[in-house]
Amino acid sequence: MAKVNPLSNPKGVKLLCELCQKPAFIQCTKCTVAYYCDLDHQRMDWVGIHEQICQLLLPVRTPLPFKSLCKEREHQQAQLLQRQKHLIELTQTAARKKLCEGRHEEAVPAAMQCLRYSIEVHGLSTLPLILPYLLLAEASIGTGHLLQAEEYLSQAQWTVLKRSECSRSILHKLHRNLGLLYTAKGEFDNALQHLGNDIYYASEEFGTDSIVTSGGYFHMANVFFQQSKMDVADSLYTKVTDIWSTRLSRLVQSPSQSPSLPSASSASPDEALDEAQEAEAAQMLNAIFDIREQAQKQDPAALASASCALAMLCYLRKDLDRLSAVLQAQELGRKALSASQWGADPGFTESIVRFLQRIRAGENLPVPQRAPGSPREPQRAPESQGQLLSAESRQGPEQHNQGYSRAKIHN
């Protein structure tokens, strides 16, 4: 970091902190175009987003050289606009991923940069500014700054009211954040109303069984869980698990997906998950897995389904060490196999076995879709599964859990 004296700035030039917009006294020596009021804000911005965009800022913030030809000037402006849009996309994805991982404070710098370049590209009071406002609102809710969150949501609501052409995609995100705000404030009736609107608009835009809509089901289930309405919460958690199991099954069945490959890149663009979606899936499925595992009266079929979905997600994760991901997928798959012996359909148990065999052999075999919701009588393992079932897996789920370390996806 290089020190900056505000008094030595050229006339009319004010160098401001990236985070708080106060006078800056520190400069980033790598890009030389980012400034901060103190070291704390510099470190916060570096961890949050600056490390990823440091070198991308230089061509965006450096004044463009003069070009005499009109075509050259238009080309310069087109390049600048393309770079700014790339920064918006990058910072938006980074902020979403950190929010899904529960790193709300670290998401703030990325969301602020997303807002900054959205304003530069689209102007004030435009619809593209709603998403950065919502990201900042969710980060504020996560850090407990509810008044700040209300301000950001008010900005987003005001922008929506001024535009008649607002899409259902934006409306569902707005209502989801309002639902999260009221949940944090303990106003559960208002929270359920907004989360219901979230599910409605998301279903209209993406379908009732979309992974986008699953987030509304999940947050609504959390509200019912806090109200001790376990029957309703349980049905919504099951819905979330089924939606993600279906999507992950299709990705795992991708022809090029094998234990030796780090991603399901051969899946269609609409099917493949980005980093933020992977983090969101890990957040929801880990929470559901914990609830299933810690329930006083366990539902083996539900536990098997949650464990299997987590195993498939771990198998597909691109941000984990490949060996670690395969080992975690195996452990979760074995837990799903053990639980399925005591309540799931035999066909589901066999599909888990094939999935585990695929992990070990790298073969393109069918994978489990989901466990049926209604538990059945305990099923004895077929002879072909004998090598995959340990002594612990033949015990009941309660005894098995006592000797089994929790297998979760660590971000």
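For the structure itself, look to the data block above.
How each quantity is defined
- Within any chain, residue numbers begin from 1 and follow the written order of that chain's sequence.
- In view of the model being predicted, local features appear only for residues whose pLDDT reaches at least 70, and side-chain atom pairs are presented and counted only at 80 or more, with totals across whole chains, interfaces and linings using the full set of residues.
- Note: side-chain values were computed over all heavy atoms of the structure, leaving out hydrogens and water.
- Classification of ring pairs rests on two measures: the distance between centres of Phe, Tyr or Trp rings, Trp counted by its six-membered ring, which must be within 6.5 Å, and the angle between planes, read as stacked under 30 degrees, edge-to-face over 60 and tilted in between.
- Burial classification: accessible surface area is computed with a 1.4 Å probe over protein chains only, and a residue below 20% of its type maximum counts as buried, one above 50% as exposed, and the rest as partly exposed.
- Only runs of H or I of at least four residues qualify as helices and only runs of E of at least two qualify as strands under DSSP, and these elements are numbered from the N terminus.
- Multiplying one less than the number of residues by 1.5 Å gives the expected span of a helix.
- Polar contact criterion, stated in full: a pair of N or O atoms within 3.5 Å, where within protein one must be able to donate a hydrogen and the other to accept it, and residues adjacent in sequence count only if both atoms are side-chain atoms.
- Two cysteine sulfur atoms form a disulfide, by the criterion used here, when they sit within 2.5 Å.
- Where helices are involved, their axes are fitted lines through C-alpha atoms of the stretch in contact, as for all axes, and angles between N-to-C directions lie from 0 to 180°.
- Orientation labels follow simple angle bins: below 35 degrees gives roughly parallel, above 145 gives roughly antiparallel, 65 to 115 gives roughly perpendicular, and whatever is left gives oblique.
- Should the near helix be turned counterclockwise from the far one by less than a right angle, the crossing is left-handed, whereas a clockwise turn marks it as right-handed.
- Note on contacts: a residue pair is in contact if any heavy atoms of the two residues lie within 4.5 Å.
- Polarity classes work like this: nonpolar for Ala, Val, Leu, Ile, Met, Phe, Trp, Tyr, Cys and Pro, charged for Asp, Glu, Lys and Arg, and polar for all others, with Gly in that last group.

### A look at the packing of aromatic side chains
Logical step 1: Here the structure, examined in full by the defined rule, presents three aromatic pairs.
Logical step 2: Ring geometry for Tyr 200 and Tyr 201: centres 5.2 Å apart, planes at 70 degrees, overall edge-to-face.
Logical step 3: Tyr 200 sits in the partly exposed class, given a relative accessible area of 47%.

### Some words on helix α13 (residues 346–361)
Logical step 1: The end-to-end C-alpha distance of α13, which contains 16 residues, comes to 23 Å, matching closely the 22 Å that a straight helix rising 1.5 Å per residue would cover.
Logical step 2: Within α13, the full set of buried residues consists of Phe 348, Thr 349, Ser 351, Ile 352, Val 353, Phe 355, Leu 356, Arg 358 and Ile 359.

### Quick look at unusual backbone geometry
Logical step 1: A positive phi angle, close to 65 degrees, is found at Gln 21, a residue other than glycine.
Logical step 2: Within the secondary structure layout, Gln 21 lies in the loop between β1 (2–3) and β2 (26–27).
Logical step 3: Residue classification places Gln 21 among the partly exposed residues on the basis of a relative accessible area of 46%.
Logical step 4: Residues other than glycine seldom take positive phi values, yet Thr 32 does so here, at roughly 60 degrees.
Logical step 5: Along the chain, the position of Thr 32 falls in the loop between β2 and β3 (35–36).
Logical step 6: Thr 32 sits in the partly exposed class, given a relative accessible area of 36%.

### A word on the environment of Gln 21
Logical step 1: In this structure, the C-alpha to C-alpha distance between Gln 21 and Tyr 35, residues 14 residues apart in sequence, is 9.5 Å.
Logical step 2: One polar contact links the side chain of Gln 21 to the main-chain carbonyl oxygen of Cys 17, over a distance of 3.0 Å.

### Side note on the state of the cysteines
Logical step 1: Counted according to the given criterion, the structure contains zero disulfides.
Logical step 2: A disulfide-free cysteine, Cys 20 has its sulfur positioned 3.6 Å from the sulfur of Cys 37, the nearest such atom.
Logical step 3: Under the relative-accessibility criterion, Cys 20 is labelled partly exposed at 26%.
Logical step 4: Looking at Cys 28, it has no disulfide partner, and the nearest cysteine sulfur is the one in Cys 31, 3.8 Å off.
Logical step 5: Assessed through its relative accessible area of 2%, Cys 28 is described here as buried.

### Here's the deal with the packing of helix α5 (residues 146–161) against helix α6 (residues 168–184)
The description of two packed helices rests on the angle between their axes and on the distance between the axes.
Logical step 1: For the pair α5 and α6, interaxial distance at closest approach is 11 Å and the crossing angle is 155 degrees. When the axes of α5 and α6 are compared, the pair comes out roughly antiparallel. By crossing handedness, the relation of α5 to α6 is classed as left-handed. On α6, the residues touching Leu 146, Ala 149, Glu 150, Leu 153, Ala 156, Gln 157 and Val 160 of α5 are Ile 170, Leu 171, Leu 174, Asn 177, Leu 178, Leu 181 and Ala 184.
Logical step 2: Its residues assigned to classes, the contact of α5 with α6 shows eleven nonpolar, two polar and one charged.

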